[in-house]
Amino acid sequence: MFLPDRLVVKLRRFWAHKRRRGEDLAPGAPLFCNQSRRRISKRRVQFAWRTWQEKAGFDRLYPFIRYGTRP
């Protein structure tokens, strides 16, 4: 997979942040955690996605869809 150099730098910083917080870095571990350090629920991500679109002033709101997984 190709990742832009600038993204690699940001991901390394993010992983260092997770390591300092004591979060799991295993391949199956959640990438983003809630305040209880558990996996963020699908509903929470959908709500955040909609909120970000509204704040950004999108003319149309796009649904949050999880690709590559079965419902």
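Conventions adopted
- Residues numbered from 1 in each chain as written.
- Predicted model: local features only at pLDDT ≥ 70, side-chain atom pairs only at ≥ 80, totals over all residues.
- Heavy atoms only, no water.
- Helix = DSSP H or I, 4+ residues; strand = E, 2+ residues; numbered from the N terminus.
- Expected span 1.5 Å × (residues − 1).
- Salt bridge = Lys/Arg side-chain N within 4 Å of Asp/Glu carboxyl O.
- Buried < 20%, exposed > 50% of the residue type's maximum accessible area, 1.4 Å probe, protein only.
- Phe/Tyr/Trp six-rings, centres within 6.5 Å; stacked < 30°, edge-to-face > 60°.

To continue, consider helix α1 (residues 5-21). With 17 residues, α1 extends 25 Å between its outermost C-alpha atoms, agreeing within 8% with the 24 Å of an ideal straight helix rising 1.5 Å per residue. Directly after α1, the chain includes glycine 22, whose backbone phi takes a positive value near 80 degrees.

With that settled, consider the pattern of salt bridges. Tallying each qualifying case throughout the model produces three salt bridges. Residue lysine 18 is joined to glutamate 23 by a salt bridge in which the shortest nitrogen-to-oxygen separation is 2.8 Å. Here glutamate 54 ties to arginine 50 by a salt bridge, and the two come within 3.2 Å at their closest N and O atoms. Here arginine 50 and glutamate 54 lie together in helix α2 (residues 42-56), a separation of four residues that amounts to about one turn. Judged by relative accessible area, glutamate 54 falls into the partly exposed class, the value being 45%.

For α2, built from 15 residues, the straight-helix expectation of 21 Å at 1.5 Å per residue is met to within 8% by its first-to-last C-alpha distance of 21 Å. Count one or two residues on from α2 and you reach glycine 57, which has phi positive near 80 degrees.

The next subject is the packing of aromatic side chains. Summed over all chains, the structure comprises two aromatic pairs. For the ring pair phenylalanine 14 and phenylalanine 32, a centre distance of 5.5 Å and an interplane angle of 45 degrees mean the geometry is tilted. Separated by 18 residues along the polypeptide, phenylalanine 14 in helix α1 and phenylalanine 32 in the loop between α1 and α2 bring together distant segments of the chain. In this structure phenylalanine 14 comes out as partly exposed when scored by relative accessible area, which is 23%. When the ring of phenylalanine 58 is compared with that of tyrosine 62, the centres are 6.2 Å apart and the planes differ by 75 degrees; the resulting orientation is edge-to-face. Judged by its relative accessible area of 40%, phenylalanine 58 falls in the partly exposed class. Here tyrosine 62 falls in the partly exposed class, since its relative accessible area comes to 40%.

Once that is clear, we can look at the environment of arginine 43. Relative to the helices and strands, arginine 43 resides in helix α2. Relative accessible area serves as the criterion here: at 55%, arginine 43 is assigned to the exposed category. Taking the C-alpha atoms as reference, arginine 43 lies 27 Å from alanine 16; in sequence the two are 27 residues apart.

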